[in-house]
Amino acid sequence: METLLAVKNLSVEVRSGTEEKRLLRDVSFELRKGSCLGILGESGSGKSLTCKSVMGLLGPEYRVSGTVAYKGRDLLSLRREEMRALRGSGIAMILQNPMTAFDPLLSIGSQMVETVRQHGPFSPAEARRRSLDALTLMGLRHPDDVFRQYAHQLSGGMLQRVMIGLALLLGPDLIIADEPTTALDTVTQDEILKEFDRVRRERRCSVLFVSHDLGVLARIADDLLVMDRGEVIEQGDLRRICSAPRSRRTGHLFDTRLMLLDAFRKATTPREERSRHEEPLLAPAATGF
Ligand SMILES: Nc1ncnc2c1ncn2[C@@H]1O[C@H](COP(=O)(O)OP(=O)(O)OP(=O)(O)O)[C@@H](O)[C@H]1O
């Protein structure tokens with residue numbers, strides 16, 4: 001399958017005082033067209049820095065080296081305006097907290113229409129129609145109401161659906177999603193993951209999906225990249241890694257998750273049933289714990 005994004009020896013350093021601190025070291029991976037690569041790692045392992053480097057979102061205090069080839073073009077050498085043009089059209093980003101992405105003083109609809117019109121020669125009526133379609137696509141039941149409302153009137157789950165719908169509306173080839181469901185309750189998280197996966201498969205979007213939760217990644221990722229202290233410690237087919245992790249640190253991440261699952265199972269399963277079934281690592285019911 002064709003490669004959409006090839007990251008090679010990506011390193012990031014930051015200057016603090018007279019010292020340079022290395023935050024990412026030689027991160028390399030490839031994302032195939034139409035597939036989803038999950039980035040797993042504990043807090044502080046470098047997941048967000050990797051995404052921000054790819055998107056050209058790091059400030060001047062960071063020194064970024066290596067190559068980030070998107071459709072064969074090195075993003076690290078693009079000018080600021082060229083990168084801005086690419087963000088939101090070819091590449092879209094979905095962040096953890098959708099509340100911060102919307103202007104509280106403008107209705108959701110007007111912000112959607114404005115974004116659509118920035119990316120194509122659409123009349124206000126056409127942009128409105130497309131925005132309403134995006135809301136429907138993401139499973140929002142009363143798109144007309146949502147269109148008229150303001151960010152504070154919607155729940156976190158609804159706002160995240162709007163944000164994902166908006167990202168998809170622009171028809172990107174690549175979506176970078178940084179913990180997009182972490183702030184949501186598990187039922188909402190589950191519904192949104194389902195919707196997101198359906199739409200991205202229909203549209204053949206490639207996705208970089210960051211999470212500290214293996215259960216979430218097991219739902220949607222094809223391949224897995226495991227990070228630890230700014231380095232890649234494991235990568236490959238998700239199921240292969242889950243069944244036979246090569247790195248001891250990856251094994252430790254999985255064990256921690258299994259311990260949590262086990263505690264949950266013990267708390268919710270009557271004693272006599274417990275012995276009858278063991279929870280597999282990737283059981284759908286495990287999502288979110
Ligand atoms: N300007 C900076 N100065 C010093 N350290 C920094 C700076 N920016 C980031 N870091 C450090 O780089 C490391 C990686 O950060 P990053 O945000 O990528 O982690 P993460 O894996 O996304 O974690 P989380 O899941 O908590 O968001 C962290 O230890 C962070 O403290």
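Residues numbered from 1 in each chain as written. Predicted model: local features only at pLDDT ≥ 70, side-chain atom pairs only at ≥ 80, totals over all residues. Heavy atoms only, no water.

The protein chain has the name ABC transporter ATP-binding protein in an unreviewed UniProt entry, where Aminirod propionatiphilus is given as its organism.

Caption draft 1: Spotlight on helix 7 (residues 186-202). Under the 1.5 Å per step criterion, the end-to-end length of helix 7 is 24 Å for 17 residues, consistent within 8% with the ideal 24 Å. Taken together, the buried positions of helix 7 are Thr 188, Gln 189, Ile 192, Leu 193, Glu 195, Phe 196, Asp 197, Val 199 and Arg 200. At the C-terminal side of helix 7, Arg 204 shows a positive phi close to 55°. (Helix = DSSP H or I, 4+ residues; strand = E, 2+ residues; numbered from the N terminus. Expected span 1.5 Å × (residues − 1). Buried < 20%, exposed > 50% of the residue type's maximum accessible area, 1.4 Å probe, protein only.)

Caption draft 2: Geometry of the site of the ligand. Near the ligand lie 13 residues; those nearest to it are Ser 43, Gly 44, Ser 48, Leu 49 and Tyr 62. Here Gly 46 contributes a backbone N or O atom positioned 3.0 Å from an oxygen atom of the ligand. The fraction of the free accessible surface of the ligand (650 Å²) that becomes covered by protein chains is 61%. Counting residues per element, the ones that place at least two in the shell around the ligand are strand 2 (19-32) and helix 1 (47-55). In terms of residues, the shell around the ligand owes the most to one element, helix 1, which gives three residues. (Near = heavy atom within 4 Å. Polar contact = N/O pair within 3.5 Å; in protein donor to acceptor, adjacent residues only side chain to side chain. Areas by Shrake-Rupley, 256 points an atom, 1.4 Å probe, with all protein chains shown as cover.)

Caption draft 3: Here's a closer look at the sheet that holds strand 5 (residues 73-74). Strand order across the open sheet formed by four strands is 2-1-4-5, with antiparallel pairing between neighbours. Each having just a single partner strand, strand 2 and strand 5 make up the two edges of the open sheet. Strand direction decides the pairing type here: strand 4 (residues 62-70) and strand 5, joined by two bridges, are antiparallel. If you follow Ala 69 over to strand 5, its bridge partner there is Asp 74. Strand contacts of helix 1: strand 1 (3-16), strand 2 and strand 4, with the helix running at about 75° to strand 2, the strand carrying the most contacts. (Pairing = 2+ DSSP bridges. Contact = heavy atoms within 4.5 Å. Axes fitted to C-alpha atoms, helices over the stretch in contact; angles between N-to-C directions.)

Caption draft 4: Representation of the packing of helix 4 (residues 124-137) against helix 6 (residues 156-169) in the model. Running from N to C, helix 4 and helix 6 point in directions that differ by 125°, and their axes come no closer than 8 Å. In terms of orientation, helix 4 and helix 6 fall into the oblique class. Where helix 4 crosses over helix 6, the two elements pack in a sense that is right-handed. Together, Arg 130, Ser 131, Ala 134 and Leu 135 of helix 4 and Val 162, Gly 165 and Leu 169 of helix 6 make up the contact between the two elements. Within the contact of helix 4 with helix 6, the residues separate by chemical class into four nonpolar, two polar and one charged. (Parallel < 35°, antiparallel > 145°, perpendicular 65-115°, else oblique. Left-handed = near helix turned anticlockwise from the far one by under 90°. Nonpolar A, V, L, I, M, F, W, Y, C, P; charged D, E, K, R; others polar.)

Caption draft 5: Layout of empty space enclosed by the protein. Tallied over the full model, the rule gives one cavity of 30 Å³ or more. Its volume calculated, the largest cavity comes out at about 30 Å³. Contributing to the lining of the largest cavity are Glu 42, Met 227, Asp 228, Ile 233, Arg 249 and Leu 253. Partitioned by chemical class, the residues of the lining of the largest cavity number three nonpolar, no polar and three charged. (1 Å grid on protein atoms, 1.4 Å probe; cavity = no way out; pocket = protein on both sides within 12 Å on 5 of 7 lines; lining within 4 Å. Points joined across faces, edges and corners; volume = space filled by probe spheres on them.)

Caption draft 6: Structural view of the layout of surface pockets. Estimated volume of the second largest pocket: approximately 400 Å³. Around the second largest pocket, the lining is made up of 17 residues, and of these Gly 56, Leu 57, Leu 58, Leu 76 and Arg 80 lie nearest the centre. At the level of elements, strand 4 and helix 2 (80-86) are the ones that each hand at least two residues to the lining of the second largest pocket. Of the residues assigned to the lining of the second largest pocket, the class counts are nine nonpolar, three polar and five charged.

Caption draft 7: Here's a closer look at the packing of helix 3 (residues 108-118) against helix 4. The contact between helix 3 and helix 4 brings their axes to 9 Å, and the two run at 115°. As judged from the angle between their axes, helix 3 and helix 4 are roughly perpendicular. As for the relative orientation of helix 3 and helix 4, their crossing is right-handed in sense. Counted together, Met 112, Val 113, Val 116 and Arg 117 of helix 3 and Pro 124, Ala 127, Arg 128, Arg 130, Ser 131, Ala 134 and Leu 135 of helix 4 form the full contact between these two elements. Of the residues assigned to the contact of helix 3 with helix 4, the class counts are seven nonpolar, one polar and three charged.

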